[in-house]
Amino acid sequence: MSAIPADSVAVSLPIEGMTCASCVGRVEKALKAVPGVNKASVNLATERADITFEGAPDVAAAVQAVQKAGYAVAESTVELSVAGMTCASCVGRVEKALKAVPGVSNATVNLATERASVTATGGVPASALIQAVAKAGYEARPLSAESSDTDAVAERQAAELQSLKRSLTIATIFALPVFILEMGAHIVPAFHHVIAETIGTQNSWYLQFVLASIVLFGPGLRFFKKGIPALLRGAPDMNSLVAVGTSAAYAYSVVATFAAGLLPAGTVNVYYEAAAVIVALILLGRYMEARAKGNTSEAIKRLLGLQAKTARVVRNGSTLELAIEEVVAGDLIEVRPGERIPVDGEVVEGNSFIDESMISGEPVPVEKQPGSEVVGGTVNQNGALTFRATKVGNDTVLAQIIRMVEQAQGSKLPIQALVDRITMWFVPAVMAAAVATFIIWLAFGPEPALTFALVNAVAVLIIACPCAMGLATPTSIMVGTGRAAQMGVLFRKGEALQSLKDAQVVAVDKTGTLTKGRPELTDLIVAPGFERSAVLGKVATVEAKSEHPIAQAIVDAARAEAIALGAISQFESITGFGVSARVDGDLVEIGADRFMRELGLSVEPFGADAARLGDEGKTPLYAAINGKLAAMIAVADPIKETTAAAIRALHDLGLKVAMITGDNRRTGEAIARQLGIDEVVAEVLPDGKVEAVQRLKQQYGPIAYVGDGINDAPALAEADVGLAIGTGTDIAIEAADVVLMSGDLGGVPNAIALSKATIRNIKQNLFWAFAYNVALIPVAAGLLYPVNGSLLSPVFAAGAMALSSVFVLSNALRLRRFTAPFPARG
């Protein structure tokens, strides 16, 4: 038996789907073929694979090999809160540290939310992940699904903001006199003589030394505490750039003040103002960033604010005021007018109207009566209700919405991969550029060369901090998904935010998506000599004996108009024709046109209306009373009021719209004509919907599919982006990338338009962040000096750096004012 190398790492993976010894052999063979695997042993009884890697383990490759062999590896996701990250390079280092933990297959870190999402196999303990983050120089703690974690993050951010405000105030108070003492002469030339004749130049330097020291080793100490250890680890970050730049300017000034003889003639100058003002300006940038970051998570805060804190619970005949955490499923809860519904439930007593706009985006209150469902967080308006709790805690609709928004906000879009690759080497490259700048100026610069070399090297270090790069994508995602949630559009998967903008065609299911999903009486045309309500009452009385959905729609219409049903006798169902019965003594016969002809009645008087109904895809029924043709009736699944306008909005966005339905072609084409739909795929079974999606994708390009039923789940999964109607089935919602809480098609143009706006915003941010660095690093290095003699002061470099981050955050926050192309119905 060969010895296992000392630098080997053992990893254990839980394997699912093995049933026999041959399965074990296949999994072992697949794992041994993975580069770097020294040994693989699979146990059928424990359903585990023990793998020994030579050197760094490539767990992702091992998982992929198992999956290709036809088996699954059980994975779990661990959410961590990460503190101490300041720029994009920090994100890269935390991700690298987490991915290096044996058992971790993937890790994504978000600078704006300060969270890490780690996908691990083999039950990797959270303590191992926290330890890895700590070794990288940051702090981490596990997050649970409870809102208290969000509260804790908000509290930490508030404390950080307060700390930055205090540090900024101190730095400004002490840096301002330094700036006036040193830079005053540049603004007012006579000021130099005033200083020389009053306190003296040397004393001025001593005073600047004291004030700059307070700034650097007081408020500025945070940069040294994080930057120097990161530098020593060989992983410099933004703090390292600031620490090196300010300490270089400060150390040079200290030598000029207390040991001027060590410096070449003509190079004795002090740059205390650069060190002190740079710290103040960067703290100002950090403070403004922290404030803007708080605004980006406004959506989550608002959603959390919708949760009731207490509930009035009826237990053992008495009413108790309990904390929301103490409510259990099955409790009876009382709600007064104006109060929020504390948890999800079903009304058992009372009538009221409830404002459900937070869920559906629709401002019209919804009537509630016994048997109606209520959703936690919605507002009861004018009546008292008693309802039974059905879902509490993390199972409520509001808790699920918060979880979806948090997951989308913490996700990493494909566009971020480019940023990550660049920022990993960006800071070391900047430090190398600063060293090169120093050497070139020292060797070829004019006198005093040392002074020029120092000033320009410091300017390069300060101006190139990659904060803006790190914030460019996640802040736009946070604001965009938050704005979407306010409009009733929930991105379950962050990737959909990017891919939705590329959709060329929107395919929609008919029933429940374009239509209401239940038949209704749409037309009742009575013959001369008959009264509408009397005819409807008699027809409904007969149809009440049937369980058919069409019959039920007629009965519901009569009840909605408060028409009483009569006494029925002699009911008879005539196979293939219709039904007949006596209602209050009158003979009522209902059926298709062939039944009327069988009775010797002509349907010609309704010819024009019958042709119109046929064009609309409706099949008419006829009613005869006492041997006379009395009425023509049409029952159909009516189109939702918002559908036509939503399709127009999709066309305005330049998209093709296709309808996929199991209905007959005539009905499908009739609806398509009404709504202006471009293409109809009719008479398809559920598996045929997948084929239709594939064909439309080949014909037009990227496709978004919208559906609401169980039979839509395969098509939702097959499409580039699946959008589920939120009032549909749980299975459809689980298969979708985006959930439309409003329950109609209007959310689709809103989601697509927001996707386009968010990606456009991200590209603007990235352009600013990259273009800014590409343009200003050469300027800071002194590229323009031979042309026009201009140099970029380190102080202005610090101001420009802070401004770039603030610009990116401000631009992202513009998404909060995004206007939906399809407004909610008022």
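Reading guide: rules and limits
- Residues numbered from 1 in each chain as written.
- Predicted model: local features only at pLDDT ≥ 70, side-chain atom pairs only at ≥ 80, totals over all residues.
- Heavy atoms only, no water.
- UniProt positions renumbered as here; feature names shortened; annotations may be inferred.
- Helix = DSSP H or I, 4+ residues; strand = E, 2+ residues; numbered from the N terminus.
- Buried < 20%, exposed > 50% of the residue type's maximum accessible area, 1.4 Å probe, protein only.
- Contact = heavy atoms within 4.5 Å.
- pLDDT = per-residue confidence, 0-100.
- Salt bridge = Lys/Arg side-chain N within 4 Å of Asp/Glu carboxyl O.
- Patch = residues over 30% accessible without salt bridge, like charges linked within 9 Å, V, L, I, M, F, W, Y side chains within 5 Å.
- Areas by Shrake-Rupley, 256 points an atom, 1.4 Å probe, with all protein chains shown as cover.
- Phe/Tyr/Trp six-rings, centres within 6.5 Å; stacked < 30°, edge-to-face > 60°.
- Expected span 1.5 Å × (residues − 1).
- Axes fitted to C-alpha atoms, helices over the stretch in contact; angles between N-to-C directions.
- Parallel < 35°, antiparallel > 145°, perpendicular 65-115°, else oblique.
- Left-handed = near helix turned anticlockwise from the far one by under 90°.
- Nonpolar A, V, L, I, M, F, W, Y, C, P; charged D, E, K, R; others polar.

The protein chain carries the name P-type Cu(+) transporter in an unreviewed UniProt entry, which gives Achromobacter insolitus as its organism. Quoted verbatim from the Sequence similarities (unreviewed entry) field of the UniProt record, the comment on the protein chain reads "Belongs to the cation transport ATPase (P-type) (TC 3.A.3) family. Type IB subfamily." Under the Subcellular location (unreviewed entry) heading, UniProt states for the protein chain: "Cell membrane".

1. Examining the overall build of the protein chain
What the protein chain contains, in helices and strands, is 30 helices and 30 strands. A burial count over the protein chain gives 53% of its 826 residues as buried. Taking the intrachain contacts of the protein chain between residues at least 6 apart in sequence as the baseline, contacts between residues at least 24 apart amount to 68%.

2. Re the confidence of the model for the protein chain
Taken as a whole, the protein chain shows an average pLDDT of 81; of its residues, 86% reach a score of 70 or greater. Scored below 50 in pLDDT, residues 1–5 shows five contacts in the model against residues more than four places distant or in partner chains.

3. Digging into the pattern of salt bridges
Per the stated rule, a full pass over the model turns up 13 salt bridges. One salt bridge connects Lys 689 with Asp 509, and the closest N-O pair in it is separated by 3.0 Å. Pair noted here: Lys 689 is in helix H25 (residues 686–700) and Asp 509 is in strand E19 (residues 505–509), with a separation of 180 residues, a long-range link. Asp 509 carries the same exposure label as Lys 689, and that label is buried.

4. Re a nonpolar patch on the surface
Taken together, Ile 170, Val 210 and Ile 214 make up a surface patch of nonpolar side chains, about 210 Å² in accessible area. For Ile 170, a relative accessible area of 35% gives the class partly exposed.

5. Points about the packing of aromatic side chains
Taken as a whole and judged by the stated rule, the model has 13 aromatic pairs. A ring pair is formed by Phe 217 and Phe 224, whose centres lie 6.0 Å apart and whose planes are at 35°; its orientation type is tilted. Exposure remark for Phe 217: the relative accessible area of 44% places this residue in the partly exposed category. Ring plane angle 25° and centroid distance 5.4 Å describe the contact between Trp 441 and Phe 452, whose orientation is recorded as stacked. Of this pair, Trp 441 sits in helix H14 (residues 416–444) while Phe 452 sits in helix H15 (residues 449–463), placing them eleven residues apart in sequence.

6. Concerning helix H7 (residues 201–217)
Between its first and last C-alpha atoms H7 spans 24 Å; for 17 residues at 1.5 Å apiece the expected length is 24 Å, and the two agree. Among all positions of H7, only Ser 204, Trp 205, Gln 208, Leu 211, Ala 212, Ser 213, Val 215 and Leu 216 are buried.

7. A word on the packing of helix H23 (residues 643–652) against helix H28 (residues 747–781)
One can describe the packing of H23 onto H28 by two numbers: an axis separation of 8 Å at closest approach and a directional angle of 25°. As summarised for this structure, H23 and H28 are arranged roughly parallel, according to the angle between their axes. You can see that H23 and H28 cross each other, and the crossing is left-handed. Facing Ala 646, Ala 649 and Leu 650 of H23, the residues of H28 in contact are Val 748, Pro 749 and Ile 752.

8. With respect to the packing of helix H9 (residues 238–258) against H15
Contact geometry of H9 with H15 gives a least axis separation of 8 Å together with a crossing angle of 155°. One element, H9, and the other, H15, form an angle in the roughly antiparallel class. Relative to H15, H9 is oriented so that their crossing is left-handed. Contact residues: H9 offers Leu 241, Val 242, Val 244, Gly 245, Ala 248, Ala 249 and Tyr 252, while H15 offers Leu 450, Thr 451, Leu 454, Val 458, Leu 461 and Ile 462. Here the contact of H9 with H15 is composed, by residue class, of eleven nonpolar, two polar and no charged.

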